[in-house]
Every structure is written in structure tokens, then in C-alpha cells.
Amino acid sequence: MLETPLVEMLGIGYPIIQAGMGPWSTERLCIASADAGILGVVSTVGLAYKIAVPSALEDGADVWDRTPYELLRMTLDSVGEKTAESGGIFGVNIPLAQEFAELIEGLFKATTDARKDPDIARRLKVIITSAGNPTPWSGTIRESGALWFHVAPSVYHARKAEQAGADLVIASGREGGGHVAFEPVHTMTLLPAVVDAVDLPVVGAGGFCDGRGLVAALCLGAVGVQMGTRFIATRESDFQPMWKDKVLEAGTDGSVVGISVFGPARYLKNGVSLRLGELLQKGFEEGYQEGVDLETRGIELSMAGEEPDRAVFFGGEVAGRIDGVPTVEEVVAEIAREAEEVAAAVLEPGGRR
Ligand SMILES: Cc1cc2nc3c(=O)[nH]c(=O)nc-3n(C[C@H](O)[C@H](O)[C@H](O)COP(=O)(O)O)c2cc1C
């Protein structure tokens, strides 16, 4: 049952996408995910702003005279090299928010140019756009030769992505970590509504962490799931240990939606995110500047792994269901095992528990 159209389309082992999670780095997570037989995804915003730079530059090399194009090329070459043995499949997440306007072109060009290497072209299969209007970029994405997935937080945005020419839509519900839509529509409602609204394969995002969730998504008409918060708490993930602890500590009521730079975002609760939640209640006009100042400082602290009450931690409601820090391979194997078991018990004739 796990051989879905997503698996066929990408040539991966399991219908799971490791979510892009900028501005933090997901370079190591992408490598572990691709090696484990799911789609690994490189996040780009932190690269472009030079705050989450490629591992190749970590030992103090100067990044300031490198362009977003060069930094993404280095990352993609490094991921390509490190996953060559497993033949892992990976993609790039490029958020299209206005705030990143001057960075986006270089990120697309880096992806297109990286694909000129035949081995990379065989394995760097997808561009995942999000957080903005994809229509102006459709020609650029098509020229890259990669498949095009777009993240949509509403039926309206899913239809727009289909009209723009995307190959697949990722329907992203309100319980997910990171940026969420202004309209609070959750995965249980959004995912089947998007499946009905577009004539494209649909992946569900927001609230998934296990095999039961994956089977539920398939029952709602999806071809797979995208998971962010689950993969933060894995051994290989690039996120700081204090962030992994935060995921483990959170209950199902452990997240809050607050102001972020380009719309509301879901954070794990702490002093700063509760304040960002209050500012969202006041509205973007009144709360924006204080919110963005708090978030900017909080991002720096979360990257440095310091001051857990002033750092910001994007994270979803599903943190409340995560209680360990396994390897990515262990997460994937357990999801596959549980999904097969649940499908047999619940979906097969005579198998209902
Ligand atoms: C730390 C963090 C950073 C994120 N940054 C991005 C991003 O840069 N681009 C994007 O499309 N989505 C981003 N997201 C959303 C994820 O891609 C994904 O859709 C979401 O985490 C799914 O919900 P879940 O956390 O319940 O699994 C982020 C999520 C988290 C938790």
C-alpha cells in the first residue's frame, strides 16, 4: 500500500517528504533522509541570508563574499556527493515570499545549474516552492527540468498552483510547525478538500509523525506526507540539542501561533512565542515591529543554541506526540512497519480491530 504515485514519481522507497525548514539548515537531515529512502529537502533561506551556511564552510571560512547562488551550489554539490553511494533522492525548498525577492532568482539558477551534472540531475528531482505566488516563476521552474511541488495552505492556493503548472500540491494544515495560513483550516479538513479541488497528486503536511497518520493521509486521498517537526527530533538533524529537547518536552497543547515576518507561524511555547501570540492578537499593524525584532533575535539564539526562553522554535502540535530522538532511518522504518500493520488491521476485509 505504500507504493503510491509519489513513490513512483520520485523513485523513492517510502511516500514521505522531509520538510524544508528554513531559515535553519537541513543539509545533514536531507542527506540522512535521502539515504533512508525518502525525499530529502535542502532549505535555502538561511543559506541565502548567510546565517545557516553549508557544512563545507563551517570551520570559519568567510561566507560574506559568497552569493546565495554560490552557497546553494556548494550545498547541492555536497549533498550530491554524500548521497552518491545510496543513490538518495533530494529536492530544494524555495519560499517565494516578497521579503526574499532579491534572493530567489539566484536560488533557482543554482538549482538549474547543479542539475547540469548528470548524476545530480538524476537525483535532485524536485523544486518545492512555498509561501508566495508561484505563477511568475513557472517558466523558470520548467527550465530547470525538475519536478515542481507547491505548498498550499488553502483550497484557493492549491487551485492557483495547479493553474500555474505545478506537478503536485502539498496541502499544509494549521497544526503544522512554521508558517501557517491566516485562515485556520486544519489538515483533517484541508487535505481531502484539496484532493477534491485539484486534478493533481496531493501530499498532506501538518500533524504527521507516524504510520497511523500516514495511512490516514492515504485514506483522505493523499499520495504521501510531508513531516517537519518529527524530523527535527532525529539524531542527524541539524537543529540544536535544546530544540530537540523542546520537541520532547512539548505536550499536544505545547505550541502557539504568533506573529512572524511574513504572516503567522506556529512556534513551540516559551516566553518569547507566547508574547508573539499576544502580538498576533493585537494584529499585524500594531504588533509587527516588536514581533519581528523578537523573532529575529530568537532565530539567532536558536541557531546558536543559547537562551532557550528567548530563542524561537518553530514546531507543530504533533510535538506532543514525539518522545524520542531516533535516527531518520529508524523513524522511516517504524512508520512503514506501523502503516502496513494498521492498513492490514483496519482496511483489509475482516481485519477491523
Ligand atoms: C523549524 C521549521 C521551519 C520551517 N521552515 C519552512 C520553510 O523554510 N519553507 C517551507 O516551505 N516550510 C517551512 N516549514 C513548514 C514545513 O515545511 C512543514 O510543512 C511543516 O513542518 C509540516 O508540519 P509538521 O511540523 O506538523 O510536520 C517549517 C517548519 C518548521 C517546523
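Residues numbered from 1 in each chain as written. Predicted model: local features only at pLDDT ≥ 70, side-chain atom pairs only at ≥ 80, totals over all residues. Heavy atoms only, no water.

> So, the pairing of strand 4 (residues 124–130): which residues are in play, and what are the values?
Counting buried positions along strand 4 gives six out of seven residues, so the element sits mostly inside the fold. Summarising the sheet, strand 4 and strand 5 (residues 147–152) pair through four bridges and their orientation is parallel. By the bridge assignment for strand 5, Val126 is matched with Leu147. In this fold, strand 4 hands off to helix 7 (residues 138–144), which returns the chain to strand 5; that crossover is right-handed. (Buried < 20%, exposed > 50% of the residue type's maximum accessible area, 1.4 Å probe, protein only. Helix = DSSP H or I, 4+ residues; strand = E, 2+ residues; numbered from the N terminus. Pairing = 2+ DSSP bridges. Right-handed = clockwise from strand over helix to strand, strands pointing away.)

> Give me the lowdown on empty space enclosed by the protein, citing residues and values where you can.
Tallied over the entire structure, the rule returns one cavity of 30 Å³ or more. The wall of the largest cavity is formed by Ser25, Thr26, Glu27, Val42, Ser43, Leu47, Ala52, Val53, Pro54 and Thr75. Partitioned by chemical class, the residues of the lining of the largest cavity number five nonpolar, four polar and one charged. (1 Å grid on protein atoms, 1.4 Å probe; cavity = no way out; pocket = protein on both sides within 12 Å on 5 of 7 lines; lining within 4 Å. Points joined across faces, edges and corners; volume = space filled by probe spheres on them. Nonpolar A, V, L, I, M, F, W, Y, C, P; charged D, E, K, R; others polar.)

> How would you explain the site of the ligand if you had to name every residue and give the values?
By nearness alone, 22 residues border the ligand, and Gly22, Asn93, Ser130, Gly228 and Thr229 come closest of all. Here Gln226 contributes a side-chain N or O atom positioned 3.0 Å from an oxygen atom of the ligand. Contact with the protein chains removes 93% of the 600 Å² of surface that the ligand exposes when unbound. Among the elements of the structure, strand 3 (90–95), strand 9 (224–227) and helix 11 (229–232) are those that each provide at least two residues to the shell around the ligand. For the shell around the ligand, the class distribution of residues is 10 nonpolar, 12 polar and no charged. When residues of the shell around the ligand are assigned to domains, at least three map to each of domain 1 (5–239) and domain 2 (240–322). (Near = heavy atom within 4 Å. Polar contact = N/O pair within 3.5 Å; in protein donor to acceptor, adjacent residues only side chain to side chain. Areas by Shrake-Rupley, 256 points an atom, 1.4 Å probe, with all protein chains shown as cover. Domains from an automatic or database assignment.)

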